[in-house]
Structures are given as structure tokens and as C-alpha cells.
Amino acid sequence: MTLISVLLDGNYFTRGDQRFIPIGAHWIPAKTGLQWPLQWDEAELRNDFAAMRELGFNTVRIDLFWAWFEPRPGSYNPNAFRQFEFFIQLAHEFEIYLHPTLFIGGEVGEAFWDIPWRQGRHPHADPEMLRLQTDHAAEFARRYRGEPAILAWDLTDEPPYWIVGDQTTDAMAINWTRLIAGALRRYDPEHLLCVGTSMEDVFHGPFRPDNLAAEVDFFSAHPYSIYTLDRFPDPMLSERGAYCGAFQTTLSLGAGRPVMIHEFGASSAQYSPERIAHFDRVTLYSSLAAGACGFLAWCFTDAAPEQFQRIPYLRAPHETQFGLTTWDRQERPRGGVLREFSQLLSQMDFNGLQPAPGEAALIVPHEWAKPHGDFSRSGLSGSGAIPYTSVQDGFETGETNLWLTRALLNAFILARRAGLKVDMPREYSHWQQHPLLLLPSPLTSTERNIAHVHTTFWDQAREYVRAGGVLYASLCADAAIPEMGDLFGARLADHAPAGEVTLTFIEPFGGIAAGTTLQYQADASNPRHWPATLDMNGGQVLAVDQESCPALAAHTYGQGKTLLCAYPLETYLAIKPSAFERSDNSHQIYGGLIQWAGCTALFSTDVPGVEVAGLIGDRRGYAILANHQPEGRLVTVTSRSLLKAASQINPGGKSRLVLENNQWQMEIPGYGGAVVEWQL
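Residue positions are given per chain, counting from 1 as you read along its sequence in written order. Side-chain atom pairs in this predicted model are given and counted only at pLDDT of 80 or more, local residue features only at pLDDT of at least 70, and totals for whole chains, interfaces and linings cover all residues. Side-chain figures throughout are based on the complete set of non-hydrogen atoms in the structure, without hydrogens or water.

Student: What is the right way to look at the overall build of the protein chain in this model?
Tutor: Helix and strand definitions here come from DSSP, where helices need a minimum of 4 consecutive H or I residues and strands a minimum of 2 consecutive E residues; each element is numbered from the N-terminal end. Broken down by element type, the protein chain carries 16 helices and 31 strands. Atoms counted for the radius of gyration: C-alpha only. Globule rule: 2.2 Å times the number of residues to the power 0.38. Computed over the C-alpha atoms, the radius of gyration of the protein chain is 25 Å, within 12% of the 26 Å expected from 2.2 N^0.38 for a compact globule of 680 residues. Its C-alpha atoms give the protein chain principal-axis dimensions of roughly 75 × 70 × 45 Å. The rule is simple: take the accessible area with a 1.4 Å probe, protein chains only, and divide by the maximum for that residue type; under 20% is buried, over 50% is exposed, in between is partly exposed. Per-residue burial over the protein chain gives 62% buried out of 680 residues. With the model as given, the accessible surface of the protein chain reaches about 24500 Å², and the carbon-plus-sulfur share is 49%. Of the side chains in the protein chain, 51 bear a positive and 76 a negative charge, and the two mean positions are spaced by 4 Å. Areas reported as accessible are Shrake-Rupley estimates using a 1.4 Å probe. Residue values count occlusion only from the protein chains shown. In this tally, Lys and Arg are treated as positive and Asp and Glu as negative; His is ignored, and so are the chain termini. Charged side chains are reduced to one point each, which is NZ for Lys, CZ for Arg, CG for Asp and CD for Glu.

Next comes the structure, spelled out in C-alpha cells:
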């Protein structure tokens, strides 16, 4: 196959008339590490490309070090461009697309790869630096316009540059991206653009997807749960940790662009190679189910032992063994996982498909998504003689963002365990098309702007439920819902500290029998863990707490229904280590909501730890399954549609499945996955 230019077609990349999933890794050579431009070895590079092809790569991400290509302002290094053109030659020869990354700042460990003439200037803010970066991008665009070996330009890796990370604002990130993207598009309009952000989405960083959506063609995510223990207080190989890629994919998709997983994995200097392979496998299947459009692991190879003696590896032992292969190109277990997944993807036809819409909308607040300083949704209009200045909009938001993203993540997992596909639309988008609406605390709160919905949202929610929608909300001491009595059949009366929490069902709900108990550990010193005290206003009490106070209330409003939880259960689970490895059954509340609402998922399984989601097209598609548990499971998969046929896709072909009543059974290995092709 000759490399041809790549475009985006809906959610997926396409070459000619065929969609495909880019798969591969980030390339850093074993023997020369990040000094490869200065220790250039074409024979070694050719051998690496051959090894990557054997591993099933169709794409490789590479660094284009700014200082090497532009050693002095405006003066370019011809040797650097000759090297890049050798990459292009190899790309065509081995049929592996290049995904070049410009303006490398941080790369490997704590290293910052500077330019000698920066002189302390901020690369995202200084006018001269912005001009020089714009010219630098334009130079690449002029030289390589329309080059089919280039999948897309990656504007930079993991901004904001670590050396100025705490100084970069939303406005700086937007302006920088707009300038660099504009220079590339002016001279090279054919190539796609992205910014290789790390966990800027989860961290609410300035390069988060909502700030970039107008400037790039697709987003990227680097799902490193192992470096985010404040949100993933679990072993690497855990049910929550293996949802990291799917969660980031879903969160970013809500900003309106396709999402590629750019970096994932772990180091065998810290974790066993077999456990890393399991983690990678679940991440691949789970993220594909969520709608990810590509997978580039970190990274191709381990570092050679001689690299251990010099920085950055000298100061970052974990970075020495992140490879899909050992330093001498022997396949590691995770390399085998990627190769098998590549073979499976090659058996799939993505033409005409899109990720199935979710049954549930998990709302992302407008205040989180908008740039700092934007008051277009303030409700103020015309000229004002009395100026309004926010005392929160520009403040540091780390603790509040942690509160929010913890809740969103754990609500996402509960919904998936209950069998719901989840979307994460923004507050002012068209979320009303979803039959279920999820508003876990702190979305119902009032303390910090970025963590909750606007007051006017509740008017929309009331109309949504009146028209037949079903709404779930959980509360804490900071809850504030105007005129809530008619909507929820309960009012806020007060709040009280809580430590040991027991919810006891006094009525059956979905599959939950009366007498069932759920237990939680709250932080009695933290008001964000305190429950709301409810006065009932016509709603039905389904469960009471340890004080016999209403804990879960159901209500019918218009043609729709609401379910109100007085306790912030999602926040409790968020801080509980290994919460989903300890037989937690909180997902049964979400499952009861599904049954009560009469909502049927596109696909569902009978095992909470095995998720399933669909890719859909015209009378055909795929069901993607991922087992987040260590045990192999025999699962029954149910479709809400009348299926004509179903076949499991394997790396080497297909095997027919037996359908009975729109169900089939299949074995899913521990930490394994499966793809099933179906026809209507």
C-alpha cells in the first residue's frame, strides 16, 4: 500500500475511501535517546522502522526539537531537515505514517528541552517568541505542504511547557494555538492539526479541549492514571484505573472533536510486564468503545543501559523501561498486545460508523469549559454603569477541579457498570436528546463556580423532566437548587455531618430488594461529604440513612421522573482506594434508575465489570467489550435491536456467534476484550 493523504471523516481518519485507526507509538531510539539528532544513525533508524512494522504500526509519533531545527532565531539547520526527509523516505518504504510534534519542551522525566536563545522569555506570551514560533511552523508548512507521509501536525507535546507551566493562562493557550495553527493552515491547509496535551482535560489546564476546539481538528489524551493518584487511588491494574482512557476520551469528545489516545502505558521498572500488558489491553478496548480514533503508546522501546548514565534517564529511572520492546528490540508483552490489537483493527470496517450516542448525559459545567474571563453567559446585557468583577473566575481552581473531576469520573464508572453508555455534553449543548440526565454532586452545589451548573440550568432541567426525561442528582451540604420541591418531591431543609454512612432500602427499586444496605465512609470534617437534610414534598422515600432520615427519593414530574440522593455517593467512592475491587454495589442505584425509566441500552452485559458499547452505522456496526476484572467471565450480551447476525472479530478472521432472543454468550478473558460485528 502506498501512503496517501489522510483526512478526517466524521469521528475517524480516512485515506482515500477507507477509514482506519492510527496505531503505533512514540519513537525515541534506544541507544541515542533524545540525543538522536546529534548522534544520527540511519541504519539503526531503518532497523527501528522494520521492528515497528513487525509490531503492527501504521503510525509513529516523533519529536522535532526546536533548537535543532532553528539553532539561531530565523536561521534553520539544513541537516535537521535532511534527517526529517529521511524519516519521510522510511515512512513511504515501510508504510508507516509520521505524526511529527513541533516545539518539544518537556519530554522524558523532568527534562525541559530549551532553545539557547529563549533568554527567560515565556513561549506562550512573549511577542517575539510568538512571532518566531509562528515563523518556525510556517517553515515546516511551506516545505512539506501536502506530504502524504505526514498523518497530522502535532503542535507541541504536553503543554504548557513545564518550565512555565504555572504561568500559562487560558488566554495564552488559546492565542498560542491560534497563531501556530494559523501559520500551518496558511501554507499547508491539507494537513490535520492537534495539540499533544497530557491530562490538561482532567486537570482543567489552559490547553484543555474546550479552549482548543476552534483551532484544531482532533484532540489527544494521555491517560496516565498511575501519575494521577488523587483521582485514581488504586493499583495500576484496577477497574477504575483502566477506565482512564475511556473517561478522557468521553470528556474530550464532549468538546466537539475526535479524540486520539497519544500516550499510555507504564514502566517495567515499576510494574511487571504482564500487568502492564493487561492494563494496555483493557485501555485499548475500553477507549475504542468510548470512541477513540487512534492509539499511540508511550513508547516504542526501552532505553539502552548506556543511557542510564546520563540525563534525563539518570534522574528518571522509570523512563528507562516504557518500551513495547526491550532496548535490543525483543518484544515485551505489551508489544504483543499492541500487535494483536492492530491485527484486529485491520479486520474492521469503520466506513459509515460512528460511536453510538449515550443513553445518559453526564453534564460538564459551562464554568469549567469556558475560558477564564468569558462572561458571554452572564445574563448581563447592554452597557452597564456599575461594573461587575468576579472574585472567583481568575482564582486557582485545583482543589475545586479535583472535587468535580473525581465525581464525574466515578459517576461515569457507575453508569458503565450499570450498563449505560455515557456522553459528557457541555451545559449549554443539546443534552436534552439523552433519555437520562446525571447530575452528581458537586454539579448541584453553589460554592465554587467551575464545579456546578448555572442557576438557569434548573429551568431547563425542569422542562426536560416535564417532557419525559429522567434526572438523577446527588447532594452534599453545599447543594442549592432553586424551587426544587415540585421537581424532586423534596426540599432542602439543612445539612449535618456524617462519618459512617448506611443507606437502607425500605422499598424495592429496580433490581434492589427492600432491606438491601449500602455502606460508605465519609469525612465528617469535610462539608463536601455531609449529606443534605431533606423535607419531603410528595416524593417517595426509597431508602433511609443511619438516622432514619430520607436518603433516596423518587418522584414523578410531568411525564418524567427524578431520583434524588441526599448523599454525595460519587465523592465517597472517589476517595476510597480500590473502591470497585471491593464488591461495591452502588451501580445498582443507577441500574434501578434505568429500569424505573424504562430505558434500554443499545448493548448491555450481565456482568458489571464487563462493559460494552457500540459503533453504529446503516444496519451494521460493532459491539466493543472490555473486561475490567482479573477473572475470565462468561457474559451474556443483550441487544435492544433485532439482530440478523453476529460474529466475533479475531486478529485472524471472524467466528460466528449463536443468537437467541437478541442475545449471545461469549467468554471474555480477565483484563481482555472483544469486538463483535453485527447486522440488522
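Student: Which parts of the structure should I look at to understand the layout of surface pockets?
Tutor: If you roll a probe as big as a water molecule over the atoms, it shows you where there is empty space left. Both cavities and pockets are sets of points on a 1 Å grid over the protein atoms alone; in a cavity a 1.4 Å probe fits but cannot get out, in a pocket the set is open with protein on both sides within 12 Å along at least five of seven lines, and lining residues sit with an atom within 4 Å of a point. Grid points are joined across faces, edges and corners, and a volume is the space filled by probe spheres set on the points. By volume, the largest pocket is sized at about 890 Å³. Within the residue set of the lining of the largest pocket, elements represented by two or more residues are α6 (200–203) and α12 (398–418). In this classification, Asp, Glu, Lys and Arg are treated as charged, Ala, Val, Leu, Ile, Met, Phe, Trp, Tyr, Cys and Pro as nonpolar, and every other residue, Gly included, as polar. Here the lining of the largest pocket is composed, by residue class, of 12 nonpolar, 15 polar and 11 charged.

Student: What should I look at first to understand empty space enclosed by the protein in this one?
Tutor: Evaluation of the coordinates by the stated rule reveals six cavities of 30 Å³ or more. Taken as a whole, the largest cavity holds about 70 Å³ of empty space. Taken together, 13 residues form the lining of the largest cavity, with Glu359, Lys421, Leu602, Ala613 and Gly614 sitting closest to its centre. For the lining of the largest cavity, the element with the highest residue contribution is strand β25 (residues 610–616), accounting for three residues. Residues that form the lining of the largest cavity fall into these classes: eight nonpolar, two polar and three charged.

Student: Would you explain the pairing of strand β21 (residues 540–544) in this entry?
Tutor: Along any regular strand the residues' side chains alternate between the sheet's two faces. Within β21, four of the five residues are buried, leaving the element largely enclosed by the surrounding structure. Pairing between strands requires that DSSP locate at least two bridges from one strand to the other. In this sheet, strand β22 (residues 550–557) lies alongside β21 in antiparallel orientation, the contact comprising four bridges. Paired with Gln540 across the two strands is Ala554, which belongs to β22. Between β21 and the antiparallel strand that follows it, β22, lie five residues; Ser548 among them carries a positive phi value of about 65°.

Student: Just to check I follow, could you spell out the state of the cysteines for this structure?
Tutor: A disulfide bridge is the covalent bond that connects two cysteines by way of their sulfur atoms. Cysteine sulfurs are considered disulfide-paired once they come within 2.5 Å of each other. Considering all chains together, one arrives at zero disulfides under this definition. Free of any disulfide, Cys549 has its nearest cysteine sulfur in Cys565, 13 Å distant.

Student: Looking at this model, I keep getting lost on the packing of helix α1 (residues 42–54) against helix α3 (residues 78–94). Mind explaining?
Tutor: Packed helix pairs are specified by the crossing angle of their axes together with the interaxial distance, meaning the distance between the axes. Relative to each other, α1 and α3 sit at 35°, their axes nearing to 11 Å. Crossing of α1 over α3 shows right-handed handedness. Contact with α1, carried on its side by Glu42, Leu45, Arg46, Phe49, Ala50 and Arg53, involves Phe86, Phe87, Gln89, Leu90, Ala91, Glu93 and Phe94 of α3 and no other residues of that element. Axes here mean lines fitted to C-alpha atoms, for a helix over just the part in contact, with angles spanning 0 to 180 degrees between N-to-C directions. Should the near helix be turned counterclockwise from the far one by less than a right angle, the crossing is left-handed, whereas a clockwise turn marks it as right-handed. Only heavy atoms enter the contact rule, under which two residues are in contact if any of them lie within 4.5 Å.

Student: In this structure, what is going on with the packing of aromatic side chains? I would like to understand it.
Tutor: Each aromatic ring pair is summarised here by two numbers: the centre-to-centre distance and the angle between the ring planes. Aromatic rings from Phe, Tyr and Trp, with only the six-membered ring used for Trp, were paired whenever their centres fell within 6.5 Å, and each pair was classed as stacked if the ring planes differed by under 30 degrees, edge-to-face if by over 60, and tilted otherwise. For the coordinates displayed, the defined rule picks out 44 aromatic pairs. Seen from their ring centres, Phe57 and Phe300 are 6.2 Å apart, and the 80° between their planes marks the pair as edge-to-face. You can see Phe57 sitting in the loop between α1 and β5 (59–63) and its partner Phe300 sitting in the loop between β11 (295–297) and α10 (333–346), a full 243 residues away along the chain. Residue class for Phe300 comes out buried when judged on its relative accessible area of 0%.

Student: When you look at the environment of Ala554 in this model, what are you seeing that I'm missing?
Tutor: Looking at the secondary structure, you find Ala554 in strand β22. Put simply, Ala554 and Phe69 are 485 residues apart on the chain and 63 Å apart in space, counted from C-alpha to C-alpha. Contact partners of Ala554, with chain neighbours within four places excluded, come to Gly539, Gln540, Leu542, Thr562, Leu563 and Trp596.

Student: How do you make sense of the pairing of strand β23 (residues 560–565) when you look at a structure like this?
Tutor: The buried fraction of β23 amounts to five of the six residues, a majority that puts the element mostly inside the structure. Both strand β16 (residues 470–474) and β23 contribute to a ladder of five bridges, which runs parallel. Within the sheet, the bridge partner assigned to Val470 lies in β23 and is Lys561. When β22 meets β23, the two strands line up antiparallel, connected through six bridges. Following the sheet pairing, Tyr557 is matched in β23 by Gly560. Connecting β22 to the antiparallel partner β23 that follows it, the hairpin turn spans two residues, and Gly558 within it adopts a positive phi of roughly 60°.

Student: Before we go on, may I ask you to explain the sheet that holds strand β28 (residues 645–650) in this structure?
Tutor: Strand pairing in a sheet relies on backbone hydrogen bonds, with the paired strands running either antiparallel or parallel. Spatial ordering of the open sheet is given by β12-β25-β26-β31-β28-β29, a layout of six strands whose pairing is antiparallel. Only two strands of the sheet have a single neighbouring strand rather than two, namely β12 (354–355) and β29 (653–656). With five bridges connecting them, β28 and strand β31 (residues 673–679) associate as antiparallel partners. Paired with Ser647 across the bridge in β31 is Glu677. Across the sheet, helix α9 (residues 273–290) touches β25, β26 (620–627) and β31, and the angle it forms with β26 is around 145°.

Student: What should I look at first to understand the side chain of Thr249 in this one?
Tutor: On the secondary structure map, Thr249 appears in helix α8 (residues 244–253). Taking relative accessible area as the criterion, Thr249 reaches 0% and is therefore assigned buried. Here Thr249 is in contact with Val259, Ile261, Ser287, Ala290, Gly291 and Ala292, once residues within four sequence places are set aside.

Student: For this particular structure, what's the right way to read α3?
Tutor: Note that an α-helix has 3.6 residues per turn; residues three or four places apart therefore point the same way. To estimate the expected span of a helix, subtract one from its residue number and multiply by 1.5 Å. Here α3 contains 17 residues, and its C-alpha end-to-end distance of 25 Å stays within 8% of the 24 Å for a straight helix at 1.5 Å per residue. Taken together, the buried positions of α3 are occupied by Ala80, Phe81, Gln83, Phe84, Phe86, Phe87, Ile88, Leu90, Ala91 and Phe94. Buried residues along α3 sit in contact with α1, β5, α2 (66–69), β6 (97–101), α4 (127–143) and β7 (152–157). Between the side-chain oxygen at the start of α3 and the backbone nitrogen of Asn79 there is a gap of 3.0 Å, and the oxygen is on Asn77. Immediately beyond the C-terminal end of α3, within one or two residues, lies Glu95, with a positive phi of roughly 60°. Here a polar contact is recorded for every N or O atom pair within 3.5 Å, except that within protein the pair must consist of a potential hydrogen donor and a potential acceptor, and residues adjacent in sequence are included only if both atoms are side-chain atoms.

Student: I'm lost on the pattern of salt bridges in this one. Help?
Tutor: Two side chains of opposite charge can pair, provided their charged atoms sit close to one another. Salt bridge, as used here: a side-chain nitrogen of Lys or Arg that lies within 4 Å of a carboxyl oxygen of Asp or Glu. Evaluated as defined, the whole model comprises 35 salt bridges. Residue Arg231 pairs with Asp230 through a salt bridge whose shortest N-O separation is 3.1 Å. Glu611 is paired through a salt bridge with Arg416; the nearest N and O atoms lie 2.9 Å apart. One end of the pair, Glu611, is in strand β25; the other, Arg416, is in helix α12, with 195 residues separating them in the sequence. Residue Glu611 is classed as buried on the basis of its relative accessible area, which comes to 3%. Shared partners join several salt bridges into a network, and the residues in it are Lys31, Glu44, Asp48 and Arg329.

Student: Help me understand the environment of Ser647 in this model?
Tutor: Secondary-structure assignment places Ser647 in strand β28. Given the relative accessible area of 11%, Ser647 is considered buried. The contacts of Ser647, once residues within four sequence positions are left out, are Lys654, Ser655, Arg656, Leu657, Val675, Val676 and Glu677.

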